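Fold and geometry: a report
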Amino acid sequence: MARTRLIAALILTYVAFAMLLNSVGTVILQSISSFGVTKPEASTLEGFKDITIAIVSFATASYLPRLGLRNSLFAALALAVLACLVMPLIGSFGAAQLHFAMVGAAFAVAKVVVYSMIGLVTADARRHASLTSLIEGMFMLGVLSSYWVFSAFIDPAGLRWLNAYWVLAAVTALALALLLSAPVDEARTHEGDAAAAAEGPAFLAMLRLAALPLVLVFVACAFLFVLIEQGIQTWLPTFNNEVLHLPAQMSVQAASLFAACLAIGRFGAGAVMARFDWYPVLNTCLAILAALIILVLPLADGLSPRAIHGWGDAPVAAFLFPLIGIVLAPVYPTIISVMLSAMPHRQHPPLMGLVVVFSALGGTTGSIITGAIFAHLDGRTAFTLMLVPTAVLAGGLFLLRRRIALAS
């Protein structure tokens, strides 16, 4: 029963942070209209979130087991609740920047803790991969829910959309309450503490871990994946609005299709990975991803503004482009599970710290580059250029497989 409550707490925590983190695309769209900021200015919101994630994760990841995983997650959720209150109470672009910095700091801790706790409640690599895919799938359901929660509050005029943060505050507070009811046995996180102490300060151990060729290839793959995912996800509402000419509310709702496809892909990945080797599956996913970009984006050419009153009036690209989420989804949780299963448990927190750092940098890079191309060229070109990091990621997976084989 205690194990079930802990798993439920971890899942709801991830759902809450999914809703908070991935509201950035909606907030960018609404900030442009509500606060009068430019696209490059709006794209800085991703930086406030991701740079904070990177800094906090690097500074704290190796120390969390010593502070207590449960205590650390409690503090992260409390900070996230406070961040939710900032938005409706202040209601400015500066408040949005502060909000995402606070959410980023909280998530930097929460992600390391959640992934470290997966190892505490699973007995083998297969169960680890299954629970990882489940939690990542629920994360995408949180992303999907975020779009619909915000769209329910969007008004053509005014700041009514900020009231969505009261809902997000309630979800986060519920995760906090559930965590308080779930006892955690953290003994396994302290295995090898004597050896770790002999290695010197925790952050130096993390740097030594980052210098390993296997880990370098792994974090590079994580960086590239998040660059692709966040570059698309962050700017999809704006793409729907300015390129496909959907109304603002429908633009946010249409972007939720991408999140829904990511969720489908994450849930499906668990069953697929139980039967097939991860490497050919992920290569097939990347090949289909590239094919969809090449075939679907031309459908967005030449669309002119017109009255769109419902989904029947929306262009076909609004429904087809989000399908890339299905094949993109399995990559991230699979490579993380493969790496964690191959590493000693005491190295999970610093390894996840590195993942969070490079994922955050990848998200910021993807958002800023996509936003710059969007502003100076057009949205179709910005999304088409995702073919470049997709090809590089395929090469990274090849190197990752070789390094894992050499290390085993």
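Refer to the structure printed above.
Rules behind the numbers
Residues numbered from 1 in each chain as written. Predicted model: local features only at pLDDT ≥ 70, side-chain atom pairs only at ≥ 80, totals over all residues. Heavy atoms only, no water. Helix = DSSP H or I, 4+ residues; strand = E, 2+ residues; numbered from the N terminus. Expected span 1.5 Å × (residues − 1). Bend = angle between axes of the 7 residues up to and from the residue. Buried < 20%, exposed > 50% of the residue type's maximum accessible area, 1.4 Å probe, protein only. 1 Å grid on protein atoms, 1.4 Å probe; cavity = no way out; pocket = protein on both sides within 12 Å on 5 of 7 lines; lining within 4 Å. Points joined across faces, edges and corners; volume = space filled by probe spheres on them. Nonpolar A, V, L, I, M, F, W, Y, C, P; charged D, E, K, R; others polar. Core = buried A, V, L, I, M, F, W, Y, C linked by side-chain atoms within 4.5 Å. Contact = heavy atoms within 4.5 Å. Axes fitted to C-alpha atoms, helices over the stretch in contact; angles between N-to-C directions. Parallel < 35°, antiparallel > 145°, perpendicular 65-115°, else oblique. Left-handed = near helix turned anticlockwise from the far one by under 90°. Patch = residues over 30% accessible without salt bridge, like charges linked within 9 Å, V, L, I, M, F, W, Y side chains within 5 Å. Areas by Shrake-Rupley, 256 points an atom, 1.4 Å probe, with all protein chains shown as cover. Salt bridge = Lys/Arg side-chain N within 4 Å of Asp/Glu carboxyl O. Phe/Tyr/Trp six-rings, centres within 6.5 Å; stacked < 30°, edge-to-face > 60°. Lys NZ or Arg CZ within 6 Å of the ring centre and 35° of its normal.

**Points about helix H11 (residues 213-242)**
- For H11, with 30 residues, the first-to-last C-alpha span of 43 Å sits near the 44 Å given by 1.5 Å per residue.
- Of all the bends found along H11, the most pronounced is centred on Leu236 and spans about 50 degrees, while Pro237, a proline, follows it within four residues.
- Within H11, 24 of the 30 residues are buried, which leaves it mostly tucked inside the rest of the structure.

**Examining empty space enclosed by the protein**
- Taken as a whole, this structure holds two cavities of 30 Å³ or more when the rule is applied.
- Approximately 280 Å³ is the volume found for the largest cavity.
- Lining the largest cavity are 21 residues, with Phe107, Lys111, Phe139, Val226 and Gln230 sitting closest to its centre.
- By residue number, the principal contributor to the lining of the largest cavity is H11, which donates five residues.
- Its residues assigned to classes, the lining of the largest cavity shows ten nonpolar, five polar and six charged.

**So, the nonpolar core**
- Of all hydrophobic cores here, the largest spans 144 residues; its most connected members are Phe17, Phe218, Phe239, Trp278, Leu393, Leu397 and Leu400.
- No other element matches helix H6 (residues 93-121), which puts 20 residues into this core.
- Those residues in contact with Leu400, other than ones at most four positions away along the chain, are Leu214, Val217, Phe218, Trp278, Ile335 and Met339.

**Considerations on the packing of helix H16 (residues 331-342) against helix H17 (residues 348-376)**
- Packing of H16 against H17 brings their axes to within 11 Å, and their N-to-C directions diverge by 150 degrees. The orientation of H16 with respect to H17, classified from their angle, is roughly antiparallel. For the crossing formed where H16 meets H17, the hand is right-handed. Contacts between H16 and H17 involve Tyr332, Ile336, Met339 and Leu340 on the former and, on the latter, His348, Leu351, Met352, Val355 and Ser359.

**A closer look at the side chain of Gln233**
- Tracing the sequence through the fold places Gln233 in helix H11.
- Ignoring sequence-local partners within four residues, the contact set of Gln233 consists of Asn22, Met140, Val143, Tyr147, Phe258 and Leu262.

**A word on the packing of H11 against H17**
- Relative to each other, H11 and H17 sit at 40 degrees, their axes nearing to 6 Å. As for the relative orientation of H11 and H17, their crossing is right-handed in sense.
- Of the residues assigned to the contact of H11 with H17, the class counts are 15 nonpolar, twelve polar and one charged.

**Focus on a nonpolar patch on the surface**
- On the surface, a cluster of nonpolar side chains totalling about 450 Å² of accessible area is made up of Ile264, Leu299, Val316, Leu320, Leu323 and Ile326.
- Relative to the assigned elements, Val316 resides in the loop between helix H13 (278-296) and helix H14 (317-320).
- With a relative accessible area of 44%, Val316 lands in the partly exposed category.

**Regarding the packing of aromatic side chains**
- Scanning the model with the defined rule gives 13 aromatic pairs in all.
- A centroid spacing of 6.2 Å and a plane angle of 40 degrees characterise the contact between Tyr14 and Phe107, whose relative ring orientation is tilted. Of this pair, Tyr14 sits in helix H1 (residues 2-21) while Phe107 sits in helix H6, and the two are 93 residues apart along the sequence. For the residue pair Tyr14 and Phe107, the accessibility class agrees, reading buried in each case.
- With a centroid separation of 5.3 Å and an interplanar angle of 5 degrees, the aromatic rings of Phe321 and Phe383 are classed as stacked. In this pair, Phe321 is assigned in the loop between H14 and helix H15 (324-328) and Phe383 in helix H18 (residues 379-384), connecting sequence segments 62 residues apart. As far as burial versus exposure is concerned, Phe321 and Phe383 are alike and both buried.
- Ring-pair connections join several aromatic residues into one group, and the members of that group are Tyr14, Phe17, Phe107, Tyr115 and Phe139.
- Directly above the aromatic system of Tyr279 lies the positively charged group of Arg401, at a separation of 4.0 Å from the ring centroid.

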